[in-house]
Amino acid sequence: MFRRWSNSHREQENDESQLESKVNELRAALGPLSGRDLKYCSDACLKRYLEARSWNVDKSKKMLEETLKWRSTYKPHEIRWHEISAEGETGKVFRANFHDCYGRTVLILKPGLQNTTGMDNQIRHLVYLMENAILNLPEGQEQMVWLIDFTGWTLSTSVPIKCARESINILQNHYPERLGASFLYNPPRIFEAFWKIVKYFLDPKTFQKVKFVYPMNKDSVEIMRSYFDVDNLPTEFGGKATLKYDHEEFSRLMVEDDEKTAAFWGFSDKHKHGVGNGYGGAEVVPEPAALVPPAS
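Definitions and limits used
Chains are numbered independently. Their residues run from 1 in the order of the written sequence. Whole-chain, interface and lining totals are the exception, using all residues; otherwise, since this is a predicted model, local features are given only for residues with pLDDT of at least 70 and side-chain atom pairs are given and counted only at 80 or more. To get the side-chain values, take all heavy atoms of the structure and skip hydrogens and water. Helix numbering and strand numbering both begin at the N terminus, where a helix is a DSSP run of H or I of at least 4 residues and a strand a DSSP run of E of at least 2. Only protein chains enter the accessibility calculation, which uses a 1.4 Å probe; a residue is then buried when its area is under 20% of its type maximum, exposed when over 50%, and partly exposed in between. By definition, residues are in contact when any of their heavy atoms lie within 4.5 Å. Note on geometry: axes are C-alpha line fits, over the in-contact stretch for helices, and angles between N-to-C directions span 0 to 180 degrees. Each crossing is labelled by how the near helix is turned from the far one, with a counterclockwise turn of less than a right angle marking it left-handed and a clockwise turn marking it right-handed. Residues are grouped as follows: Ala, Val, Leu, Ile, Met, Phe, Trp, Tyr, Cys and Pro are nonpolar; Asp, Glu, Lys and Arg are charged; every other residue, Gly included, is polar. Strands qualify as paired when DSSP identifies two bridges or more between them. Look down the strands so they point away from you; if going from the first strand over the helix to the second traces a clockwise path, that crossover is right-handed. Reported orientations rely on four angle classes, namely roughly parallel under 35 degrees, roughly antiparallel over 145, roughly perpendicular from 65 to 115, and oblique for the rest. The criterion for an aromatic pair is that two Phe, Tyr or Trp rings (for Trp, the six-membered ring) have centres within 6.5 Å, with stacked assigned to planes under 30 degrees apart, edge-to-face to planes over 60 apart and tilted to the rest. A ring has a charge above it when a Lys NZ or an Arg CZ is no more than 6 Å from the ring centre and no more than 35 degrees off the ring normal.

Trainee: Could you clarify how one ought to interpret the overall build of the protein chain in this entry?
Mentor: Scanning the protein chain from terminus to terminus reveals eleven helices and seven strands. Taken across its 296 residues, the protein chain has 44% of its residues classed as buried. When contacts within the protein chain are restricted to residue pairs at least 6 apart in sequence, those whose partners lie at least 24 apart make up 75%.

Trainee: Would you mind showing me how to read the packing of helix H4 (residues 57–74) against helix H6 (residues 119–135) here?
Mentor: Where H4 contacts H6, the two axes come as close as 14 Å, and the packing angle between them is 115°. Judged by the sense of rotation from one axis to the other, the crossing of H4 with H6 is left-handed. For the pair formed by H4 and H6, the contact residues are Trp 70, Arg 71 and Tyr 74 on the first element and Asp 120, Ile 123, Arg 124, Val 127 and Glu 131 on the second. Residues of the contact of H4 with H6, tallied by class, amount to four nonpolar, no polar and four charged.

Trainee: Sorry if this is basic, but what is going on with the sheet that holds strand S1 (residues 93–99) here?
Mentor: Each strand in a sheet pairs with its neighbour through backbone hydrogen bonds, running either in the same direction (parallel) or in the opposite one (antiparallel). The mixed open sheet is built from five strands, whose spatial order is S1-S2-S3-S4-S5. Because the sheet does not close on itself, it has two edges, and the strands there are S1 and strand S5 (210–213). Strand after strand, the sheet turns through a mean of 25° between neighbouring axes, direction not considered. Pairing geometry for strand S2 (residues 105–109) and strand S3 (residues 144–149), over five bridges, is parallel. Along S3, the bridge assignment pairs Ile 108 with Leu 147.

Trainee: Would you explain the pairing of S3 in this entry?
Mentor: Look at any regular strand and the pattern is simple: side chains alternate between the two faces of the sheet. Burial of S3 is extensive: six of the six residues sit out of reach of the surface. Here S3 shows no split at all, with Met 144, Trp 146 and Ile 148 on one side and Val 145, Leu 147 and Asp 149 on the other all buried. In this view, the connection linking S2 to its parallel neighbour S3 by way of H6 has right-handed handedness. Here S3 pairs with strand S4 (residues 179–185) via six bridges, running parallel.

Trainee: What is the right way to look at the packing of H6 against helix H11 (residues 247–265) in this model?
Mentor: Geometrically, a packed helix pair is captured by the angle between its two axes and the distance between the axes. At a minimum axis distance of 11 Å, the contact between H6 and H11 shows a crossing angle of 70°. Classified by the angle their axes make, H6 and H11 are roughly perpendicular. Of the residues in H11, those touching H6 at Tyr 128, Leu 129, Asn 132 and Leu 135 are Phe 250, Met 254, Asp 257, Asp 258, Lys 260 and Thr 261. Tallied by class, residues from the contact of H6 with H11 come to five nonpolar, two polar and three charged.

Trainee: Help me understand the packing of aromatic side chains, please; the structure alone is not making it clear to me.
Mentor: Given two aromatic rings, their pairing is described by the distance between the two centres and the angle made by the two planes. Following the criterion strictly, the structure yields 22 aromatic pairs and no others. Residues Trp 70 and Tyr 175 carry aromatic rings whose centres are separated by 6.0 Å and whose planes lie at 80° to one another, so their mutual orientation is edge-to-face. Linking Trp 70 in helix H4 with Tyr 175 in the loop between helix H7 (161–174) and S4, this pair joins segments that are 105 residues apart in sequence. Exposure class is identical for Trp 70 and Tyr 175. Each is buried. In textbook terms, an aromatic cluster arises when at least three aromatic residues are bridged by ring pairs, as seen for Phe 150, Trp 153, Phe 191, Phe 194, Trp 195, Phe 207 and Phe 212. In this structure, Lys 39 is placed above the aromatic ring of Phe 264, and the distance from its NZ or CZ to the ring centre is 4.4 Å. Stacked on the ring of Phe 267, the Lys or Arg Arg 80 has its end atom at 5.7 Å from the ring centre.

Written out as structure tokens, the structure reads:
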């Protein structure tokens, strides 16, 4: 019995050693990093990119370099709530005030409450909330969960295929292994036509994380109970909690989180952010020229 435990323990140590070796190999392949690139490329980050590319260092390096380039131009960490708050007025996407059973941040999406037509701002709104979900992850947790409520959804009010495709590409290419699961709750039959197109944009790993849930299906109900405490889960997702989106209250929370984001990334927000007051975003302070990489 002791020998069996020792072998298992030794195998675990070997696995951890191999993972650490891969992370170090990827870090060396990336070359010197500084400033916000270095802060972004933590060991946990490198592991996510390695996992997304089946631990192939060359493919992971390419993927990560493309993300660093995207972040330097799209600047997701510089988006502030007042810039995209109009997108959130109906509560079509927001961070829930509860976690799933694994401690993951929950984003609630209600596509039936679509209130705008501009694709760029719709995507910026989603990117902002993904960054915010990551900011609010508990210690040691890497992933978020999406709960999608299809109440009121129609083909005429759905986001264009182009917008859906771009959103999926950003999630898969620049937020690898950040999505733990996506629950599509009670989609109408007409959604099948939309899904037949959208599913081809999903890579196999993301596709496996998508779960269709129907309230009258016993297996579906059990799936939800295995991921969520029904006392916290809103009634529209088969739980017992009452959920009412308050845009003013949510905006207050996001403005507070904007300050945390600015502090984390080394920005100096000179102005207190209100909603829709038209002032500029965060002032960029110079990136530290030389940061010491975290110890491996």
